[in-house]
Amino acid sequence: MKQARINQRTNNLVGTNIRKLRIQHNLRNADIVAKLQLEGVEISTSTFSKVESGTNNPSVDLLFALTHILNCDFNTLFALP
């Protein structure tokens, strides 16, 4: 079954918010990736960097796992600056 993804090719709001939250939590990309893998989300540091930069579209599963890791509401990932 194909995973549902959000498209951020024309608007990198989600990737920007993920990066901002990661930095606020003093986490490196590798830290987030390790925590994601513990949550059952298989992702590389390279792919995660692409999600933050907007060149890769995150899956809904990835976003839900990030809400646990970053201790935030799902809507926070979509919040306007």
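Quick notes on the rules
Residues numbered from 1 in each chain as written. Predicted model: local features only at pLDDT ≥ 70, side-chain atom pairs only at ≥ 80, totals over all residues. Heavy atoms only, no water. Helix = DSSP H or I, 4+ residues; strand = E, 2+ residues; numbered from the N terminus. Rg over C-alpha atoms; globule rule 2.2 N^0.38 Å. Buried < 20%, exposed > 50% of the residue type's maximum accessible area, 1.4 Å probe, protein only. Contact = heavy atoms within 4.5 Å. Areas by Shrake-Rupley, 256 points an atom, 1.4 Å probe, with all protein chains shown as cover. Lys, Arg positive; Asp, Glu negative; His and termini not counted. Charge placed at Lys NZ, Arg CZ, Asp CG, Glu CD. Salt bridge = Lys/Arg side-chain N within 4 Å of Asp/Glu carboxyl O. Phe/Tyr/Trp six-rings, centres within 6.5 Å; stacked < 30°, edge-to-face > 60°.

Here we come to the overall build of the protein chain. When helices and strands are counted, the protein chain shows four helices and zero strands. Taken from the N to the C terminus, the helices and strands of the protein chain come in the order α-α-α-α. Against the globule reference of 12 Å for 81 residues, the protein chain gives a C-alpha radius of gyration of 11 Å, in line with a compact fold. Along the first, second and third principal axes, the C-alpha set of the protein chain runs to 35 × 30 × 20 Å. Every one of the 81 residues in the protein chain was classed for burial, and the buried ones make up 40%. When contacts within the protein chain are restricted to residue pairs at least 6 apart in sequence, long-range pairs at least 24 apart make up 67% of them. Carbon and sulfur atoms provide 51% of the accessible area of the protein chain, an area that totals close to 5,100 Å². Positive and negative charge centroids in the protein chain, built from 9 and 6 side chains respectively, lie 9 Å apart.

Our next topic: the pattern of salt bridges. Inspection of every chain in the model, using the stated rule, returns two salt bridges. Residues Asp-31 and Arg-28 are paired through a salt bridge, measuring 3.0 Å at the closest nitrogen-oxygen approach.

Right, let's get into the packing of aromatic side chains. Within this structure, the stated rule accounts for two aromatic pairs. Arranged with centres 4.7 Å apart and planes meeting at 20°, the rings of Phe-64 and Phe-74 form a pair that is stacked. Here Phe-64 is found in helix α4 (residues 60-69), whereas its partner Phe-74 is found in the segment after α4, with ten residues between them in sequence. Given the relative accessible area of 26%, Phe-74 is considered partly exposed.

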